[in-house]
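Listed here are the chains, written in short residue letters.
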Amino acid sequence: MINAKRAVESHNQPQTTPELKPLYMEALTLVERLHRRLLDVIKDEFDRSGRSDVNSVQALLLFNIGDAELTAGELRSRGYYLGSNVSYNLKKLVEMGYIHHQRSRMDRRSVRVSLTPMGQEVANIVSALYERHIRSIQQVGGIAIDDFQLLNKSLHRLERFWTDQILYRL
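About the cut-offs
- Residues numbered from 1 in each chain as written.
- Predicted model: local features only at pLDDT ≥ 70, side-chain atom pairs only at ≥ 80, totals over all residues.
- Heavy atoms only, no water.
- Core = buried A, V, L, I, M, F, W, Y, C linked by side-chain atoms within 4.5 Å.
- Buried < 20%, exposed > 50% of the residue type's maximum accessible area, 1.4 Å probe, protein only.
- Helix = DSSP H or I, 4+ residues; strand = E, 2+ residues; numbered from the N terminus.
- Contact = heavy atoms within 4.5 Å.
- Polar contact = N/O pair within 3.5 Å; in protein donor to acceptor, adjacent residues only side chain to side chain.
- Phe/Tyr/Trp six-rings, centres within 6.5 Å; stacked < 30°, edge-to-face > 60°.

**Section: the nonpolar core**
Turning to step 1, where the next piece is worked out: Counting residues in hydrophobic clusters, the biggest one holds 23 residues, and the most contacted among them are Phe46, Ile65, Leu75, Leu90 and Ile99.
Turning to step 2, where the next piece is worked out: Sorting the residues of this core by element identifies α2 (20-48), α3 (56-65), α5 (83-96), β3 (111-115) and α6 (117-136) as the ones contributing at least two each.
Turning to step 3, where the next piece is worked out: Look past the residues within four positions of Phe46 in its chain and what remains in contact with it is Arg51, Val54, Ala59, Val122, Ile125 and Val126.

The structure is reproduced here in structure tokens:
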């Protein structure tokens with residue numbers, strides 16, 4: 001009886017092609033590796049300018065805050081940071097004078113953060129780095145607008161797929 005039930009369930013499931021698994025696994029590896037490589041690129045930029053006051057994660061965090069006033073939860077959703085990582089780095093950045101923080105008027109448990117002029121300076125360095133990349137990525141990297149459009153479309157679909165897995169417990 002159980003085998004018959006499994007046969008019916010597997011019949012209702014779409015069959016995967018053997019080629020899909022290695023491609024999916026490679027994509028997962030690349031997403032993770034690319035994030036680490038981005039942090040390396042940011043670290044290199046700060047090393048070249050002789051700045052060791054912030055690390056690459058903190059610099060990216062400051063860039064992602066930008067001109068906004070956000071909570072730690074909003075930063076997690078925007079910048080894809082782990083919760084403890086955000087809290088630890090925010091505390092450090094406040095102590096070093098890169099971030100203003102104040103309790104929300106609406107919800108006293110929530111802390112809102114924004115950049116100080118020092119924090120804005122770091123965010124501007126990351127922004128300038130990205131601008132340099134944008135000027136040369138087509139010629140040097142061989143990645144055209146169409147490539148990014150397809151890549152972004154695929155990544156958005158993957159994000160939506162993973163979100164649905166969580167929301168609908170698929």
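**Here we look at the side chain of Gln58**
Turning to step 1, where the next piece is worked out: Within the fold, Gln58 resides in helix α3.
Turning to step 2, where the next piece is worked out: Under the relative-accessibility criterion, Gln58 is labelled buried at 6%.
Turning to step 3, where the next piece is worked out: Among the polar contacts made by the side chain of Gln58, one reaches the side chain of Asn89 at a distance of 3.1 Å.
Turning to step 4, where the next piece is worked out: For Gln58, the contacting residues outside a window of four places in its chain are Asp53, Asn89, Lys92, Leu93 and Met96.

**Digging into the packing of aromatic side chains**
Two descriptors summarise a pair of aromatic rings, namely the distance from one centre to the other and the angle between the planes of the rings.
Turning to step 1, where the next piece is worked out: Across all of its chains, the model carries one aromatic pair by this definition.
Turning to step 2, where the next piece is worked out: Relative to Tyr130, the ring of Phe63 has its centre 5.0 Å away and its plane inclined at 85 degrees; by these criteria the two rings are edge-to-face. With Phe63 in helix α3 and Tyr130 in helix α6, this pair connects stretches of sequence that are 67 residues apart.

This is a description of form; function is not addressed.
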